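# Chains, contacts and geometry: an overview
One-letter residues, chain by chain:
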Amino acid sequence: VAEPLQYFVEAEGVRSPVYTLTVVDVPYVERLDLEFVFPAYTGLEPQKIEDGGDIAVLRGTEVRLRVIPTMKTPGGRVSVDDKASVDLSAPAADGSLMASFKVEADGFYRIDLVAPNGERVIASPQYTIDVLNDQTPTVAFNKPGRDTQASPVEEVFAEVRAEDDFGVKQVQMFYSVNGGEEKTINLFGGARALPEVSASHTLYLEEMGLKPGDFVSYYAKAMDND
């Protein structure tokens, strides 16, 4: 409908009163720019998305929105799951409005803007919010990688590999003799997390005072920044 009009409904010779439909311009989102500020532990730089909409980010990510409307509007809000809302800032010189919210769960959001008559109208599609899970690290032994036999005076070389989607913070190896007290060896603990870490340690069996029939059990543990 581009201009005002009048209409009525007629059926079986019965006609309704004549009604008037008045046309008014209402604001709508012409473009939506997004900026994702990821949780500090990821070490990721903020990511900007031009002409965005649907969101798929890690839990705890701050989403900053810049709304460019089709016409001037004094304000509006971001409605999240129709339960919570965040007010948009006052319009900037170019007419854009800003807001931000933190992603904690899957859901939906949309933009509502204020029309010239003061009424708040739905001004965008309903966009989805998908929360991505931070995966736990994986850790494995490259060497020996299996149960093995050695003499009490041998040296056993152990190599550990750890991986994580947002960076390995620490890798440790633990061992004990004949099920006794565990001893800890710190293999990696750099100031900067790495997505993949390889570290090694040599077990000097002669220094442990072993005799035939004794056994050494060992395992490794990896931690991420979260």
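Below: a short report on this structure. Please read these numbers as outputs of a predicted model, since none were measured by experiment. (Residues numbered from 1 in each chain as written. Predicted model: local features only at pLDDT ≥ 70, side-chain atom pairs only at ≥ 80, totals over all residues. Heavy atoms only, no water.)

### Side note on the overall build of the chain
Quick note on the threshold: Helix and strand assignments follow DSSP, with helices taken as H or I runs no shorter than four residues and strands as E runs no shorter than two, numbered in order from the N terminus. Radius of gyration here is computed from C-alpha atoms only, and the compact-globule reference equals 2.2 Å multiplied by the residue count raised to the power 0.38. Relative accessibility under 20% of the residue-type maximum defines a buried residue, over 50% an exposed one, and the middle range a partly exposed one, all with a 1.4 Å probe and only protein chains included. Any two residues having at least one pair of non-hydrogen atoms within 4.5 Å are treated as being in contact. The Shrake-Rupley method, run with a 1.4 Å probe sphere, supplies the accessible areas, and residue values consider only the shown protein chains as cover.
When helices and strands are tallied, the chain shows zero helices and 19 strands. Expected size for 226 residues packed as a compact globule is a radius of gyration near 17 Å; at 31 Å, the chain overshoots this value by more than 25%. Projecting the C-alpha coordinates of the chain onto the three principal axes gives extents of approximately 105 × 50 × 25 Å. Taking all 226 residues of the chain together, 33% fall into the buried category. Across the chain, the fraction of contacts at a sequence separation of at least 24, relative to all contacts at a separation of at least 6, is 61%. When the accessible area of the chain is evaluated, it comes to approximately 14,200 Å², of which 48% is carbon and sulfur surface.

### Some details on the sheet that holds strand β8 (residues 62–69)
Rules: Strand pairing is assigned whenever DSSP identifies at least 2 bridges connecting the two strands. Only the contacting stretch of a helix is used when fitting its axis, a line to C-alpha atoms as for every element, and angles between N-to-C directions run 0 to 180 degrees.
Strands sit in the order β6-β5-β8-β11 across an open sheet of four strands; the sheet is antiparallel. In this open sheet, the two strands that pair with only one neighbour each are β6 (47–49) and β11 (97–102). In this sheet, adjacent strand axes meet at a mean angle of 20° when their direction is disregarded. By the bridge criterion, six bridges tie β8 to β11 in an arrangement that is antiparallel. The residue bridging L65 from the neighbouring strand is A99, located in β11.

### Describing the layout of surface pockets
For the record, the criterion: Computed over the protein atoms alone on a 1 Å grid, cavities are sets of points where a 1.4 Å probe fits but cannot get out and pockets are open sets with protein on both sides within 12 Å along at least five of seven lines; a residue lines them when it has an atom within 4 Å of a point. Grid points are joined across faces, edges and corners, and a volume is the space filled by probe spheres set on the points. Gly falls in the polar group here, along with every residue not listed as nonpolar (Ala, Val, Leu, Ile, Met, Phe, Trp, Tyr, Cys, Pro) or charged (Asp, Glu, Lys, Arg).
Estimated volume of the largest pocket: approximately 450 Å³. Lining of the largest pocket is provided by 19 residues; of these, T148, A150, D214, F215 and V216 occupy positions nearest its centre. Looking at the lining of the largest pocket, the element that brings in the most residues is strand β19 (residues 216–224), giving three residues. In terms of residue class, the lining of the largest pocket is made up of ten nonpolar, five polar and four charged.

### Here we look at the pairing of strand β10 (residues 84–87)
Here strand β9 (residues 76–80) pairs with β10 via four bridges, running antiparallel. Bridge pairing links S79 to S85 in β10. Hairpin geometry of β9 and β10 is characterised by an intervening segment of three residues between the two adjacent antiparallel strands and by a positive phi of about 55° at D81.

### A closer look at the packing of aromatic side chains
Here is the rule: We call Phe, Tyr and Trp rings a pair once their centres come within 6.5 Å, taking the six-membered ring for Trp, and we label the pair stacked below 30 degrees between planes, edge-to-face above 60, and tilted otherwise. Geometrically, a lysine NZ or arginine CZ counts as sitting over a ring once it is within 6 Å of the ring centre and also within 35 degrees of the ring normal.
Scanning the entire structure with this criterion turns up six aromatic pairs. Measuring from ring centre to ring centre gives 5.3 Å for Y109 and Y127, while their planes differ by 40°; the resulting arrangement is tilted. Of this pair, Y109 sits in strand β12 (residues 107–114) while Y127 sits in strand β14 (residues 127–132), placing them 18 residues apart in sequence. Members of the aromatic cluster, each reached through a chain of ring pairs, are F101, Y109 and Y127. Taking NZ or CZ as reference, R15 lies 4.1 Å from the ring centre of F8, over its face.

### Describing the nonpolar core
Inside soluble globular proteins, nonpolar side chains tend to come together where they are buried. Keep this limit in mind: We call a set of buried Ala, Val, Leu, Ile, Met, Phe, Trp, Tyr and Cys residues a nonpolar core when their side-chain atoms join them within 4.5 Å.
L65, V78, F101, Y109 and I111 are the most contacted members of the largest nonpolar core, which has 24 residues in total. Only β5 (29–37), β7 (55–58), β8, β9, β11, β12 and β14 provide two or more residues apiece to this core. Here the element with the most residues in this core is β5; it accounts for four residues. Core analysis: the second largest hydrophobic core is formed by 18 residues, V171, L187, A199 and L210 among them.

The values are spatial; any link to function lies outside them.
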